[in-house]
Amino acid sequence: MTNWERGIQASAELKAYLAAILEERRRQPADDVISVLATAELDGEHLDDEEIFSFLRLLLPAGVETTFRSTGNLLYLLLTHPEQLDAVRRDRSLLPQAIEEGLRFEPPLLLTAGSRRATPS
Ligand code: HEM
C-alpha cells in the first residue's frame, strides 16, 4: 500500500543528501553529472536548484531500478533455462543478444506514469 508520509520524508531526505553534493559541486565542479547540471548554461539561463533536484529524482530510479531489475531477471532466466546459460557460456559473443532477449522476455518496467501527449494535428 502507498505510504505517502514515508514517501514525502524519503524525498526530503534525498533532497537534503543531494543538496550537500550540489553545494559542493557549485563551489568546486568535478567530472560528474551533478557538476554538469550545476554549470549548464543555455542562452544565459542556468538550471535552478529545484530543477536539478527534480531531474536527479528522475535519474536515480531511472538508472537504478531498470538495471538491477533487468540484471536480476536475466540471471533468473539463465538459471531456469540451463541450455541458454550453456550457450552463453560456450560463446560469450551471445551475451549482448542474451541481454536484449532478457529485456524483451521479462522487462524491468511495464509502464511509465508519464504525461506525454501526442501533438494534435
Ligand atoms: C535496462 C535498462 C533501462 C531500461 C529498460 C530503460 C527504460 C526506459 C524507458 C521505457 C523510458 C521512457 C522512455 C519514454 O517515455 O520515451 C526511459 C526514460 C529514461 N531513462 Fe531509461 N532505461 C534503462 C536504463 C537507464 C539508465 C541506466 C539511465 C541513467 C543512468 C536511464 C535514464 C533515463 C532517463 C533520464 C529517462 C527520461 C528521458 C526523458 O524523458 O527525456 N535509463 N528509460
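That block above? That's the structure.
K.L.:
Explain the overall build of the chain to me, using residue names and the numbers behind them.
P.N.:
Helices and strands together make up the secondary structure of the chain, namely five helices and two strands. Sequence-ordered secondary structure for the chain, helices as α and strands as β, is α-α-β-β-α-α-α. The C-alpha atoms of the chain give a radius of gyration of 20 Å, which is well past the 14 Å a tight globule of 121 residues would have. Along the three orthogonal principal directions, the C-alpha set of the chain runs to about 55 × 40 × 35 Å. Counting only residues that meet the buried cut, the chain has 16% of its 121 residues in that class. When the accessible surface of the chain is totalled, it reaches about 10100 Å², and 58% of it is carbon and sulfur. Where the 13 positive side-chain charges of the chain centre and where its 20 negative ones centre are 6 Å apart.

K.L.:
Describe a nonpolar patch on the surface, naming the residues involved and giving the relevant values.
P.N.:
A cluster of nonpolar side chains, namely Val33, Phe55, Leu58 and Leu59, defines an oily patch on the protein surface of about 320 Å² accessible area. It is helix α3 (residues 49–80) that provides the largest number of residues to the nonpolar patch, a total of three residues. Among the structural elements, Phe55 can be located in helix α3. With a relative accessible area of 33%, Phe55 lands in the partly exposed category.

K.L.:
Any chance you could break down the site of the ligand for me, citing the residues and the numbers?
P.N.:
Around the ligand, the neighbouring residues are Leu59, Ala62, Gly63, Thr66, Thr67, Ser70, Leu103, Pro108, Leu109 and Arg116. The contact in question runs from a nitrogen atom of the ligand to an N or O atom on the backbone of Ala62, over 3.5 Å. Top element by residues in the shell around the ligand is α3. It accounts for six residues. A per-class count over the shell around the ligand returns five nonpolar, four polar and one charged.

Criteria and thresholds
- Along every chain, residues carry numbers that run from 1 in the direction the sequence is written.
- In keeping with the model being predicted, local features are shown solely for residues with a pLDDT of at least 70 and side-chain atom pairs are shown and tallied solely at 80 or more, while totals for entire chains, interfaces and linings include all residues.
- As a convention, hydrogens and water are excluded, and side-chain values are obtained from all of the structure's heavy atoms.
- Secondary structure elements are taken from DSSP: a helix is a run of H or I of four residues or more, a strand is a run of E of two residues or more, and numbering for both begins at the N terminus.
- Two things to know: the radius of gyration comes from C-alpha atoms, and the globule rule equals 2.2 Å times the number of residues to the power 0.38.
- The cut-offs for exposure are 20% and 50% of the maximum accessible area for each residue type, with area from a 1.4 Å probe on protein chains only; residues under the lower value are buried, those over the upper are exposed, and the others partly exposed.
- Here the open area of atoms and residues is found with the Shrake-Rupley method and a 1.4 Å probe, where only the protein chains shown may cover a residue.
- Lys and Arg are tallied as positive, Asp and Glu as negative. Neither His nor the chain termini are counted.
- Working definition for charges: the position is that of NZ of Lys, CZ of Arg, CG of Asp or CD of Glu.
- For patch building, the residue pool is restricted to those with more than 30% relative accessible area and no salt bridge; the joining distance is 9 Å between like charges and 5 Å between nonpolar side chains (Val, Leu, Ile, Met, Phe, Trp, Tyr).
- Whenever a carboxyl oxygen of Asp or Glu lies within 4 Å of a side-chain nitrogen of Lys or Arg, that contact is scored as a salt bridge.
- Only heavy atoms are used to decide nearness, and a residue is near a molecule or strand if one of them lies within 4 Å of it.
- The term polar contact refers here to a pair of N or O atoms within 3.5 Å; inside protein, the definition further demands a hydrogen-donor-capable atom paired with an acceptor-capable atom, and it admits residues adjacent in sequence only when both atoms are side-chain atoms.
- Residues were grouped as follows: Ala, Val, Leu, Ile, Met, Phe, Trp, Tyr, Cys and Pro as nonpolar; Asp, Glu, Lys and Arg as charged; and all remaining residues, including Gly, as polar.

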